[in-house]
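Chain by chain, the residues:
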Amino acid sequence: MSKILKLESGDRTKKLVWLDHFGKYESLYTLVSVFMNSQSGFELVFALGGKEVVVRSQAELDRFLEEAKAVERIVCKPREIRGNSVLSEAQLGTVQDFLAFATGNYSPYNVVSKIEGILLANGFKELLGDRPWVVNTGGKYYVKRAFSSSIAAFSIPKQLLNGKAFSYNIAATHSDSPCPRLASKTQVFGSGYDQMNVQIYGGGLWRTWFDRELAVGGRVVVKTSEGLAVRSYASKGAIAFIPSLPPHLFKPENEALNREIHLRPITGISADKPSPDGQLDFLLEDIASSLAVARENILAFDLCLADQNPPALFGSANQFVASARLDNNLSAWAGLSGFLEVPETTANQQVIPLYFCFDHEEIGSASTSGADSDFCETVIERATAALSSRADIYDTKMASFLISADVGHAYNPNYDSNFKSGYKPIANKGNLIKINDSMKYVTNSISRAWVSCVAKEHNLHLQEFMVGNESPSGSTLGVFLAKRLGCLSVDIGAPVLAMHSAREFVGSLDVVEYKELFKHLLATPLPEIADRRA
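In what follows, the accompanying structure is described. Computed from a predicted structure; not experimentally measured.

### Some words on helix 10 (residues 508–523)
Reasoning step 1: For helix 10, spanning 16 residues, the distance from its first C-alpha to its last is 24 Å, which sits close to the expected 22 Å at 1.5 Å a residue.
Reasoning step 2: Summarising burial for helix 10: 14 of the 16 residues are buried, a large majority.

Here it is, written out as structure tokens:
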């Protein structure tokens, strides 16, 4: 059984070092955060089965690990099916890992905190954005941006040759998803019900948020004796519901959605008077209890509403996975999992695998933690400078390879006319190379050819997606990163149905091959390409 090993102190950090905390149950729980508590000495916060569990002693830790064993039978095992499964035992284990990762990721901050826990469990060391970096060959490092809004990680080959040119294979994903978010004043009073005051985030299919149990998660800023602290929060279950209006009370053909009024969730029966601070009392009290702080010390928060139902396999022979926030939890998980499986000894020791999970993709990426910031450039420039004073940063960036990864559209047979002829990708037939010559996607003929070569070598299936001429096209991370780096780039994604719905679905075989595609693209150096820099 894993144990608390030691306390590590420094001028900036004071935290428990927790090694191999996953143990046998890696797919079941994640260490979300570690922080000191003035009364009990320490607190470990775990995500387990869609909720957060706070552990403050070795006895509580032992009980928690026993609970994790019980959850294995509930959360991570697929339902019994009749007939054959499309998944082998190993493939099923991979899908279960994703199901566990996606459970409880109510906000981008929960996603990044979970990624950080996984990196720590795999021996990665944190670098601080405002401190000098010391990195070494064979080392594994990560850095966060904007208080668990975005994260980057890289591992340096043991045999990286000093003084010889090197480059990066970069996987870029994102942590955010369309959702209603809580306003800074959470209470809407006057209807007889307690209702949440929300603001919409991203381009969601807002009708799909009606009539489902909603949880809340995100980050909270609290006042401490030492200043301010940012902590992760997730409600212990569903606390809200947005009810639709029955057809007996209106004519559906005349209905228009008012996003300001119709998306207000109901949380309970209201008191006689509104809260003096404009907050829902039960929510602030739950946050205070979960974080072990006084309510008056809760200063601010970034909280998201989320479908509380866990992800699940469904369909004949376990062919599909249904989940909230596949866009882009799936790419974040697949990119991270593939990155962690890149062999320490690769075919070319001069390639450094680099993983990013950015925030704010759903609203245009223009933020300090989005893809349209200097985060990617800064990580590359600082890591390169710390490794070699001789390296030319411009050559290093241009010799690199960018894999922009966001889920893409699978063909929906109920809306055939919305898909371009020849570009109707089917779930479980392969992941997508996304193409748009107006540069909504960064794929070009060279990067398309290279990704196809790597996939073919490893028996991975690919499909192409191109939007029709009469349809608007989405865009994603690649366009912002490629223009800053100047390197060969590609946009890929798993084909998903019901994208931007409160719940989406994907082929289970595509989940497996998505991770494998990342692993091989990150591990394989670019070949010599004539006129590559022209």
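### Section: the nonpolar core
Note on soluble globular proteins: their nonpolar side chains tend to be buried together.
Reasoning step 1: Counting 55 residues, the largest nonpolar core has F98, I115, L119, L330, F401 and I492 as its most contacted members.
Reasoning step 2: Here this core takes eight residues from helix 10, the largest share from any one element.
Reasoning step 3: Residue contacts for F401: discarding those within four places in its chain leaves Y168, N169, I170, S447, W450, V451, C487, L488, S489, V490, L521 and L526.
Reasoning step 4: Counting residues in each nonpolar core, the second largest holds 33 residues, with V135, V143, A152 and V379 among its members.

### Thoughts on the environment of D491
Reasoning step 1: With respect to the element layout, D491 can be found in strand 24 (residues 488–493).
Reasoning step 2: By relative accessible area, which is 0% here, D491 ends up buried.
Reasoning step 3: Considered as a pair, D491 and D406 are 85 residues apart in the sequence and their alpha carbons are 7.6 Å apart.
Reasoning step 4: The residues touching D491, leaving out its near neighbours within four places in the chain, are S404, L432, I433, K434, Y441, V442, T443, T476 and G478.
Reasoning step 5: Among the polar contacts made by the side chain of D491, one reaches the side chain of S404 at a distance of 2.6 Å.

### Here we look at the sheet that holds strand 25 (residues 495–497)
Whenever strands of a sheet pair, they do so through backbone hydrogen bonds, lying parallel or antiparallel.
Reasoning step 1: Spatially, 17-18-26-25-21 is the arrangement adopted by the five strands of the open sheet, whose pairing is mixed. Each of the sheet's edge strands pairs with one partner strand only, and the pair in question is strand 17 (312–314) and strand 21 (408–409).
Reasoning step 2: The sheet contact formed by strand 21 and strand 25 spans two bridges and is parallel. Bridge pairing in strand 25 links G408 to P495.
Reasoning step 3: Against the sheet, helix 5 (residues 326–340) contacts strand 18 (320–323), strand 25 and strand 26 (504–507), and its axis sits at roughly 40° relative to strand 26.
Reasoning step 4: Here helix 10 sits on the sheet and contacts strand 17, strand 18, strand 25 and strand 26; the angle it forms with strand 26, its principal contact strand, is near 70°.

### Observations concerning the packing of helix 2 (residues 89–102) against helix 10
Reasoning step 1: Closest axis-to-axis distance for the helix 2/helix 10 pair is 9 Å, and the angle between their directions is 85°. In terms of their interaxial angle, helix 2 and helix 10 are classed as roughly perpendicular. On helix 10, the residues touching Q91, T94, V95 and F98 of helix 2 are S508, L509, V511, V512 and K515.
Reasoning step 2: In the contact of helix 2 with helix 10, the residues fall into five nonpolar, three polar and one charged.

### Here's the deal with the environment of V490
Reasoning step 1: Tracing the backbone through its elements, the reader meets V490 in strand 24.
Reasoning step 2: Sequence separation of V490 and I403 is 87 residues, and the distance between their C-alpha atoms is 5.3 Å.
Reasoning step 3: Not counting the four nearest positions on each side in its chain, V490 is found in contact with F401, L402, I403, S404, I433, V442, T443, S447 and V451.

### Considering the pattern of salt bridges
Reasoning step 1: Scanning the model with the defined rule gives 19 salt bridges in all.
Reasoning step 2: When the shortest N-O distance is used, the salt bridge between K483 and D372 registers 4.0 Å. You can see K483 sitting in helix 9 (residues 478–485) and its partner D372 sitting in the loop between strand 19 (351–358) and helix 6 (375–387), a full 111 residues away along the chain.
Reasoning step 3: When its relative accessible area of 58% is taken as the criterion, K483 is described as exposed.
Reasoning step 4: Ionic pairing is found between K424 and D416, a salt bridge with its closest N-O pair at 2.7 Å.

### A short note on the sheet that holds strand 24
Reasoning step 1: The nine strands lie next to each other as 6-7-8-19-9-20-24-22-23, forming an open sheet whose pairing is mixed. Here the strands that pair on one side only, and so sit at the sheet edges, are strand 6 (125–126) and strand 23 (462–465).
Reasoning step 2: Pairing of strand 22 (residues 431–434) with strand 24, which is carried by two bridges, proceeds in the antiparallel orientation. For I433, the partnering residue across the bridge sits in strand 24 and is I492.
Reasoning step 3: In the packing of helix 5 onto the sheet, contacts are made with strand 8 (150–155), strand 9 (167–174), strand 19 and strand 20 (401–405), and the angle to strand 19 comes to roughly 155°.

### Concerning the packing of helix 5 against helix 10
Reasoning step 1: Two numbers describe how helix 5 lies on helix 10: the axes approach to 7 Å, and their chain directions differ by 50°. Judged by the inter-axis angle, helix 5 sits oblique to helix 10. Considering how the two elements wind past one another, helix 5 and helix 10 form a crossing that is right-handed. Contacts between helix 5 and helix 10 involve L330, S331, W333, A334, G335, S337, G338 and F339 from the former and V511, Y514, K515, F518, K519 and L522 from the latter.
Reasoning step 2: The class makeup of the residues in the contact of helix 5 with helix 10 is eight nonpolar, four polar and two charged.

Scoring rules and cut-offs
- Residues numbered from 1 in each chain as written.
- Predicted model: local features only at pLDDT ≥ 70, side-chain atom pairs only at ≥ 80, totals over all residues.
- Heavy atoms only, no water.
- Helix = DSSP H or I, 4+ residues; strand = E, 2+ residues; numbered from the N terminus.
- Expected span 1.5 Å × (residues − 1).
- Buried < 20%, exposed > 50% of the residue type's maximum accessible area, 1.4 Å probe, protein only.
- Core = buried A, V, L, I, M, F, W, Y, C linked by side-chain atoms within 4.5 Å.
- Contact = heavy atoms within 4.5 Å.
- Polar contact = N/O pair within 3.5 Å; in protein donor to acceptor, adjacent residues only side chain to side chain.
- Pairing = 2+ DSSP bridges.
- Axes fitted to C-alpha atoms, helices over the stretch in contact; angles between N-to-C directions.
- Parallel < 35°, antiparallel > 145°, perpendicular 65-115°, else oblique.
- Nonpolar A, V, L, I, M, F, W, Y, C, P; charged D, E, K, R; others polar.
- Salt bridge = Lys/Arg side-chain N within 4 Å of Asp/Glu carboxyl O.
- Left-handed = near helix turned anticlockwise from the far one by under 90°.

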